[in-house]
Every structure is written in structure tokens, then in C-alpha cells.
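# Overview (structure and organization)
Here are the chains, one letter per residue:
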Amino acid sequence: MKQIILSLILLLTVQISCGQDVLEKISETDFTIGKTIRIKSQLLDETRDLNIYLPMNYSQDSLKTYPVIYLLDGSKDEDFIHISGIVQFGSFSWINMIPESIVVGIGNVDRKRDFTYPSQNELDQNEFPTSGKSDKFISFIEKELQPYINSEFKTTEIKTIIGQSLGGLLATEILFKKPELFDNYIIVSPSLWWDDEKLLNENPKTYTSKKSIYIAVGKEGEVMERTAKELYEILKKNQKPNTKLFYKFLEDKTHGDALHIAVYDAFEKIFEKKE
């Protein structure tokens, strides 16, 4: 009896399989969202990977030019893919949150070295033995990277930098010391605890160009939350009419997941459309 039942089940299975159409694959291609360019930096004396996202209708033959978003921690396994996704979505014509933009993800080699200035704190020095070379990395951005991007792609003069954690520390240092390098600063969960918070004692350099500065922090502990708010208060105290300044406390986010929602919120505020 058991054998008869098994035979009937097998027969039914064969009949069902034969009655189904077999899906035919027509073609298969790789799907990419950008390109990777490897460059040789003379200032850093090393090769660096740049991950580039271009707007859908980007063409070298067109007269149209695009603002550039420079993304720290821009490796493929870091923040390049999800930030480029926000840029693409935000620039859809039916969303119209931000202008179509080029994204330049700067791949990391040693972020602890590149994103930090020299610290006098012994614990910083012991835990980050390669640290303290941000001046060289900032020179790379200013003298090599930005000129290269402007020469290779169809860019406007509008430049945005996005930095989170140690990247937020670097973005803050650039804002304080060389503010003209960027027009928009998106600073998320900045590691301002570095060097016993001494960067917050610096007097930010004045500038004449228009700026938008967005600072955000999640539920990340007393030091991270306090120093991010102090940064905002310092900038607010010196705020000029040519500067838009924003602060956001993301109480339901942590250090690990604050960046994505913060960048989306920053784009909405910085590129707000006037009715």
C-alpha cells in the first residue's frame, strides 16, 4: 500500500512539472552603479581608489555640469553604495530633493592616519599609532583630488563633504581651518573627543562664501552627544548671514546607523526648495 501511494505521488509530481513552462533566460549582464578609478597620489605617496557615481544621463558630450559630493569612508564595503543610492533617489525628477550630482567616494587606506591631527593624549597615541597625518590628507584633497575631479568630469563649483565618526572629525577640521574647500558640510557623529576635545577650542577661520553646515549625532553616549552639540553652539555663536546651520539629535539611532538617515535629512534641509 505504501509503495502504491509513493508511486502516485511521484506520478503527480511528474505531471505537474511537465505542465509548467520552463523560464528561458534571454541574457545576463553585470549591474554596476559607478566606476572605480585608481590614482597615484604624490602627496600621500601611495595609490588610492576613487569610487565614482555619475548621474544617469551624464555625458561628456553634454554642456550640463554637476555639483560634486565628496564622501569620506567611500570604499565599496563602507558608505559609497548606500549614499549614492540616496543621491540617485533624491535627484529623481518626481522627488526633486537634490540636484543631480556626482559622488566621489574616497577609498580608505588608513583612516586613523588620514582623518586625525596629532594628539597629545597618550591613550590616543597608543591606540592609534599611525595617527596624526590629517594635514597631508587635506592637502591631497585640495591640491590633487579636487583638481583631478574637475579636470576629468563635468563639474560645477559646488562641493559637499560628508564625514562620519573620524571622518566627521576631519570634516570639522577642514571647516575650521580651510572652510573654502567645500560649500556644504555634512558632519555626522564626529569624533571630537580626539586629543581631549582640543579642536573645539580652536577659533574657526572666517570665510566669505555661502555655506550650509549640518551636524547630527545619535544616542551615542555623553561625550559624543555633548561635543556634537558644542560644535553646533560654537558655529551658531559665529554664524553669519551667508551660512545655513542645522543640528539634529537622532535619539533612535546609534553610532553605527546614524549616517544614512542623517544624510537624507541633511539633503532635505541643505537643498530645500523654495515655494
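What comes next concerns the included structure. (Residues numbered from 1 in each chain as written. Predicted model: local features only at pLDDT ≥ 70, side-chain atom pairs only at ≥ 80, totals over all residues. Heavy atoms only, no water.)

Right, let's talk about the sheet that holds strand β4 (residues 102–106) for a bit. As summarised here, the arrangement of the eight strands in space is β1-β2-β4-β3-β5-β6-β7-β8, forming an open sheet in which the pairing is mixed. Of all strands in the sheet, those with a lone pairing partner are β1 (35–41) and β8 (243–250), marking the two edges. Averaged over all pairs of adjacent strands, the angle between their axes in this sheet comes to 20°, without regard to strand direction. Judged from the five bridges that link them, strand β6 (residues 184–188) and strand β7 (residues 211–218) form a sheet pairing that is parallel. Each residue of the ladder has a partner; that of Ile186, found in β7, is Tyr214. (Pairing = 2+ DSSP bridges. Helix = DSSP H or I, 4+ residues; strand = E, 2+ residues; numbered from the N terminus. Axes fitted to C-alpha atoms, helices over the stretch in contact; angles between N-to-C directions.)

Turning next to the nonpolar core. For soluble globular proteins, nonpolar side chains are generally found buried alongside one another. In this structure, Ile52, Ile102, Val104, Phe137, Leu145, Ile149 and Ile174 are the most contacted members of the largest nonpolar core, which totals 51 residues. Here this core takes seven residues from helix α6 (residues 166–177), the largest share from any one element. Each residue touching Leu145, except ones within four places of it in the same chain, is listed here: Leu50, Tyr70, Val104, Ile106 and Phe140. If you look at the next biggest cluster of nonpolar residues, it comprises 25 residues, including Leu71, Ile86, Leu259 and Phe271. (Core = buried A, V, L, I, M, F, W, Y, C linked by side-chain atoms within 4.5 Å. Buried < 20%, exposed > 50% of the residue type's maximum accessible area, 1.4 Å probe, protein only. Contact = heavy atoms within 4.5 Å.)

Let us now look at the layout of surface pockets. Where empty space is left in the structure can be found by rolling a water-sized probe over the atoms. If you add up the space inside the largest pocket, you get close to 250 Å³. The wall of the largest pocket is formed by Ile158, Asp183, Asn184, Lys210, Lys211, Ser212, Pro241, Asn242, Thr243, Lys244, Ile270 and Phe271. Elements that contribute at least two residues to the lining of the largest pocket include exactly β7 and β8. Its residues placed into classes, the lining of the largest pocket shows four nonpolar, four polar and four charged. (1 Å grid on protein atoms, 1.4 Å probe; cavity = no way out; pocket = protein on both sides within 12 Å on 5 of 7 lines; lining within 4 Å. Points joined across faces, edges and corners; volume = space filled by probe spheres on them. Nonpolar A, V, L, I, M, F, W, Y, C, P; charged D, E, K, R; others polar.)

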